Amino acid sequence: MTVSPRCAGKESVKKLRGQLFVIAAPSGAGKTSLVRALMQHRPDLRFSISYTTRPQRPNEVDKRDYFFVDERTFEQMAATGKFLEHARVFDHHYGTSKAQVEALLEQGENVLLEIDWQGAQQIRRAMPTCHSIFILPPSREALEQRLRGRQSDSDEVIARRLRDSIGDMSHWAEFDAVVINDDFGQATSDLAAIVAGETRRFSRQRPELRPLLDRLLS
Ligand code: 5GP
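Cut-offs used in this document
- Residues numbered from 1 in each chain as written.
- Predicted model: local features only at pLDDT ≥ 70, side-chain atom pairs only at ≥ 80, totals over all residues.
- Heavy atoms only, no water.
- Near = heavy atom within 4 Å.
- Polar contact = N/O pair within 3.5 Å; in protein donor to acceptor, adjacent residues only side chain to side chain.
- Areas by Shrake-Rupley, 256 points an atom, 1.4 Å probe, with all protein chains shown as cover.
- Helix = DSSP H or I, 4+ residues; strand = E, 2+ residues; numbered from the N terminus.
- Core = buried A, V, L, I, M, F, W, Y, C linked by side-chain atoms within 4.5 Å.
- Buried < 20%, exposed > 50% of the residue type's maximum accessible area, 1.4 Å probe, protein only.
- Contact = heavy atoms within 4.5 Å.
- Pairing = 2+ DSSP bridges.

K.L.:
What's the story with the site of the ligand in this structure? I'm lost.
P.N.:
Residues in close proximity to the ligand total 15 residues, the closest being Lys31, Ser50, Arg54, Tyr66 and Tyr94. Here an oxygen atom of the ligand sits 2.5 Å away from a polar atom, N or O, in the side chain of Arg54. Here Arg57 contributes a side-chain N or O atom positioned 3.3 Å from an oxygen atom of the ligand. In isolation the ligand offers 510 Å² of accessible surface; the protein chains occlude 92% of this area. Elements represented by at least two residues in the shell around the ligand include exactly strand E5 (83-89) and strand E6 (92-97).

As structure tokens, then:
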């Protein structure tokens with residue numbers, strides 16, 4: 001006799017595969033703080049810890065914020081297919097562990113990736129059912145102010161990041177949803193709404209985005 005899943009014991013009920021959320025933003029849009037706030041709001045979400053060759057910052061913890069590895073280790077991992085995606089961002093390599101993400105999704109966990117637009121492109125190709133979200137700053141001035149607030153970076157780095165940010169923002173239309181980080185609390189609840197299934201309300205196609213995008217990208 002076959003046992004239908006409805007009658008089967010708890011241990012034999014297979015959890016549905018989890019959902020994958022990909023969040024990207026230009027540098028200085030407040031993505032890291034927003035993701036942190038979202039994770040507090042939704043502790044059930046699992047955050048994928050990336051690998052990077054970038055030096056560890058004073059406030060960062062190895063294996064919590066990133067797996068900090070040397071170039072050789074990173075290259076070996078890339079060559080042996082250990083990454084779901086990987087990219088070079090600001091002179092350093094970053095990559096998402098395939099095994100980590102696959103295991104979590106398989107266990108039915110919803111997984112969050114905080115990566116750059118290049119990585120998001122690769123994830124969309126590898127996992128077309130993912131939900132991708134792009135965060136925009138409310139203005140160029142706000143973007144620059146936020147880049148200056150990060151004391152670990154030099155003026156030269158800030159100027160370059162600002163130029164790069166404008167390039168990054170030109171990829172906004174590749175994402176399913178767009179969130180504007182003007183009011184932090186509002187942006188956090190917008191992200192939470194998307195994770196709860198309201199992607200449509202934050203569609204990249206909503207007309208009110210146009211004037212902001214014109215100002216940001218002009
Ligand atoms: P940061 O060095 O400031 O932590 O991050 C720099 C950029 O790299 C950010 O846009 C961040 O989202 C991105 N990033 C972090 N981890 C990954 C990753 O695993 N893959 C890709 N493609 N980008 C990442």
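Structure shown, so let's carry the discussion forward.
K.L.:
What is the right way to read the nonpolar core from this model?
P.N.:
Within soluble globular proteins, side chains that are nonpolar tend to cluster in buried spots. Within the largest apolar cluster, 28 residues are counted, with the highest numbers of intra-cluster contacts made by Leu20, Val22, Leu113, Ile123, Phe134 and Leu136. Mapped onto this core, the elements with two or more residues apiece are strand E1 (20-24), helix H3 (98-106), strand E7 (111-114), helix H4 (117-126), strand E8 (131-136), helix H5 (140-149), helix H6 (155-169) and helix H8 (209-217). Beyond its immediate sequence surroundings of up to four residues, Leu113 is in contact with Leu20, Phe21, Val22, Ile23, Ser48, Thr96, Val101 and Ile123. Leu38, Leu45, Ile133 and Ile135 belong to the second-largest nonpolar core, a separate cluster that totals 21 residues.

K.L.:
Which parts of the structure should I look at to understand the pairing of E8?
P.N.:
Two faces belong to every sheet, and in a regular strand the side chains alternate between them. Of all six residues making up E8, five are buried, and the element is well covered by its neighbours. With four bridges joining them, E1 and E8 adopt parallel strand pairing. Following the sheet pairing, Ile23 is matched in E8 by Ile133. Where E8 lies against strand E9 (residues 177-180), four bridges are found, and the strand directions are parallel. For Ile135, the partnering residue across the bridge sits in E9 and is Val179.

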